[in-house]
Amino acid sequence: MDLRIFTEPQQGASYDTLLTVAKATEDLGFDAFFRSDHYLAMGSSDGLPGPTDAWITLAGLARETRRIRLGTLMTAGTFRLPGVLAIQVAQVDRMSGGRVELGLGAGWYEAEHTAYGIPFPKEKFGRLEEQLAIVTGLWGTEVGATFDFDGKYYRLADSPALPKPAQPKVPVLIGGLGASRTPRLAARYADEFNVPFASVTDSERQFGRVRAAAEEAGREPDDLVYSNALVACVGKDDAEVARRAAAIGREVDELKANGLAGSPAEVVDKIGRYAEIGASRVYLQILDLDDLDHLELISAEVQAQLG
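About the criteria used
- Residues numbered from 1 in each chain as written.
- Predicted model: local features only at pLDDT ≥ 70, side-chain atom pairs only at ≥ 80, totals over all residues.
- Heavy atoms only, no water.
- Helix = DSSP H or I, 4+ residues; strand = E, 2+ residues; numbered from the N terminus.
- Rg over C-alpha atoms; globule rule 2.2 N^0.38 Å.
- Buried < 20%, exposed > 50% of the residue type's maximum accessible area, 1.4 Å probe, protein only.
- Contact = heavy atoms within 4.5 Å.
- Areas by Shrake-Rupley, 256 points an atom, 1.4 Å probe, with all protein chains shown as cover.
- Expected span 1.5 Å × (residues − 1).
- Phe/Tyr/Trp six-rings, centres within 6.5 Å; stacked < 30°, edge-to-face > 60°.
- Pairing = 2+ DSSP bridges.
- Core = buried A, V, L, I, M, F, W, Y, C linked by side-chain atoms within 4.5 Å.

## What to know about the overall build of the chain
Scanning the chain from N- to C-terminus turns up 11 helices and 12 strands. Taken over C-alpha atoms, the radius of gyration comes to 19 Å for the chain, in line with the 19 Å a tight globule of 307 residues would show. Each of the three principal axes of the chain carries a C-alpha extent, and together these read 60 × 45 × 35 Å. Residues classed as buried in the chain amount to 54% of the 307 residues present. Taking the intrachain contacts of the chain between residues at least 6 apart in sequence as the baseline, contacts between residues at least 24 apart amount to 73%. Summed over its atoms, the accessible surface of the chain is roughly 13,400 Å², and 50% of this surface lies on carbon and sulfur atoms.

## A closer look at helix α5 (residues 125–140)
Between its first and last C-alpha atoms α5 spans 22 Å; for 16 residues at 1.5 Å apiece the expected length is 22 Å, and the two agree. Judged by how many residues are buried, α5 sits mostly within the fold: 13 of 16 residues are covered.

## Side note on the packing of aromatic side chains
Under the criterion given, the structure shown has 5 aromatic pairs. Ring centres of F34 and Y283 lie 5.0 Å apart, and the angle between their planes is 70°; this geometry places the pair in the edge-to-face category. Note that F34 is positioned in strand β2 (residues 32–35) and Y283 in strand β12 (residues 281–286), a separation of 249 residues in sequence. Take F34 and Y283: they sit in the same class, and that class is buried. Plain terms: the ring middles of Y39 and Y116 are 6.3 Å apart, the flat faces sit at 65° to each other, and that makes the pair edge-to-face. With Y39 in the loop between β2 and α2 (54–64) and Y116 in helix α4 (residues 110–116), this residue pair connects regions lying 77 residues apart in the sequence.

## Looking at the pairing of strand β7 (residues 155–159)
Two elements, strand β6 (residues 147–150) and β7, share 3 bridges in a ladder whose sense is antiparallel. When the bridges of β7 are listed, D150 appears paired with R155. Between β6 and β7, which pair antiparallel one after the other, the connecting turn spans 4 residues.

## With respect to the nonpolar core
With 75 residues, the main nonpolar core has L3, W55, L102, W139, L284, I298 and V302 as its most contacted residues. Top contributing element to this core by residue count: α5, with 8 residues. F6, A32, L73 and A229 belong to the second-largest nonpolar core, a separate cluster that totals 7 residues.

## Focus: the environment of A186
Mapping A186 onto the fold places it in helix α6 (residues 181–189). Put simply, A186 and Q305 are 119 residues apart on the chain and 31 Å apart in space, counted from C-alpha to C-alpha. Among residues more than four places away in sequence, those in contact with A186 are I174, F193, V210, R219 and L224.

## Digging into unusual backbone geometry
Cis geometry is found at the peptide bond from L73 to M74, where omega equals -20°. Examined against the element boundaries, M74 turns out to sit in the loop between β3 (69–72) and β4 (75–76). For the bond from L162 to P163, the omega torsion is 0°, close enough to zero to count as cis. Along the chain, the position of P163 falls in the loop between β7 and β8 (172–175). Not every positive phi belongs to a glycine, and A161 is a case in point at roughly 60°. Along the chain, A161 turns up in the loop between β7 and β8. Overall, A161 belongs to the buried group, its relative accessible area being 3%.

Next up, the structure:
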């Protein structure tokens, strides 16, 4: 089971804070550092000192880390034109020596679009499908050839399809709980399918849909990695769990029901239940980015048991 650290910087984090967490992620043996792609805080957070851009952040981290994978859960398709996104991700992949992964979603948080003057189109899913076709098509075009695309939302003509990523294929992540269109897109474009903040039962149902869609598309279902994103709140004892829950404004019982909360043994047991339904990777949503002792505990007493 791969454990990856997943952050939500829109809730309030500077680049320096993210760099500190990313370096701890690397030093403590976690597999990857991922971040959300949002420009507006959610809930009661003031979001200070303000938003950081996902791909600018990852470009910086690409030069200041050496081993960990770097990526997004999920880049908002509404934020970037697909041709520009392909260039950005390819460049960061080269800057990292081939350690980048692209999670791409349709975008959903209308308020952040209003706050920063970003168009929020009604038809987002159709745009996402074209974006996936364009980004992967640009990367897959041989050097010296050109790429053309004539879609409903985007048109590219005589594109040199440069630059190329360092990796032969940048892993693409698609996620969500949509019952039909999402599994179909995953079967066509995804290297990994992620279910965010869902129960074991709901995750198993969605993994099954994606597996069925892959078979229908003529693809081996096991070609995909299946993963979950879950909030983490781990403590050596009940008091430490309660302290960490209070720090992120959550209740312990709710966290235990909907995330990975409790003692290391409790968390290992729950991760095991996700593993039983086919998950081989978990993104640990870390909401208190100043609590590096939390990461050290998870590394020493959860990750160590998962091998």
